[in-house]
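Tertiary structure, described
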Amino acid sequence: MSERKVAVVKLSGSLVSPPSPPYLRRLRDSVERVRSSGWRLGIVVGGGATARSYITALRELGVPESILDEVGIESAVLNAMVVASALYPYSPIEIPRNVREALTVFEEGLIPVLGGLQPGHSTNAVAAVLAETIGADLLLNLLNGVAGVYAGGAPGEPGARLLKAATYDELEDIIRDKRSLAGTYELFDSVAVSVVRRSRIKVRFVDGKNPEVIQRILLNQEDLGTLVG
């Protein structure tokens, strides 16, 4: 666990889109408890169902993938604004559009909340870059209804098994055959792996349907999900 008490939380977009007041309230409470215990945080939010619905419709019209990525970015930014608004005044409502802006927010003692940044990069890659930028050595990746990283198949498939720990290389092997089209960045991607590997950032994948998992890991140091490093 990080002795510097700096971490980035990556929220699956499907956890906040469509928005649920009870979930956002519990997320805010969990973040407030972690923050009051001395932890410094950055947060990145995915595009979720909002991004996928727009992208699916536009893909049928033959819109280029790079433009669909832009649609996904703006969807994630909207989700980030929802989370930032729920966390205000601990987070500014103006969403950073690059890592320099995010670093400025962090240095002001606030929690930067980001969506997407540029085409071709998933919000997982954004989370990895943010972790590197603010000096976090833990990236807490909150999935929607998935307990962690599985080997041997997708969760629920015969032979699939939940890993308690994995190396960067093992994670890269698992995601190698995943699609990287706009709106389909699942679990993690190769850009994100390369960033966390070069800066030795640990990544813990957990089920985030209960946002109290943030404090359970950061404050109680519970060994949940899958730890990659």
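The text that follows walks through the structure, step by step, so that each part is easy to find. (Residues numbered from 1 in each chain as written. Predicted model: local features only at pLDDT ≥ 70, side-chain atom pairs only at ≥ 80, totals over all residues. Heavy atoms only, no water.)

Overview of the sheet that holds strand 8 (residues 202–207)
Strand order in the open sheet formed by seven strands is 3-2-1-4-8-9-7, and the pairing between neighbours is mixed. Every interior strand has two partners, whereas the edge strands, strand 3 (113–114) and strand 7 (165–166), have only one. Sheet analysis places strand 2 (residues 40–45) next to strand 3, joined by two bridges and oriented parallel. What sits directly across from valine 44, in strand 3, is leucine 114. (Pairing = 2+ DSSP bridges. Helix = DSSP H or I, 4+ residues; strand = E, 2+ residues; numbered from the N terminus.)

Structural notes on the packing of aromatic side chains
Taken as a whole and assessed by the stated rule, the structure comprises one aromatic pair. With centroids separated by 5.4 Å and ring planes inclined at 80°, the aromatic side chains of phenylalanine 188 and phenylalanine 205 adopt a geometry described as edge-to-face. With phenylalanine 188 in the loop between helix 6 (168–175) and helix 7 (190–198) and phenylalanine 205 in strand 8, the pair connects residues that are 17 residues apart, well separated along the chain. Classification of phenylalanine 188 by relative accessible area gives buried; the value is 3%. Arginine 40 extends its terminal NZ or CZ atom over the ring of phenylalanine 106, reaching a point 3.9 Å from the ring centre. (Phe/Tyr/Trp six-rings, centres within 6.5 Å; stacked < 30°, edge-to-face > 60°. Buried < 20%, exposed > 50% of the residue type's maximum accessible area, 1.4 Å probe, protein only. Lys NZ or Arg CZ within 6 Å of the ring centre and 35° of its normal.)

Brief notes about helix 6
By the burial criterion, the buried members of helix 6 are Tyr168, Leu171 and Ile175. Burial along helix 6 is one-sided: seen end-on, the buried residues are contained in an arc of 60°. (Arc of directions from axis to C-beta.)

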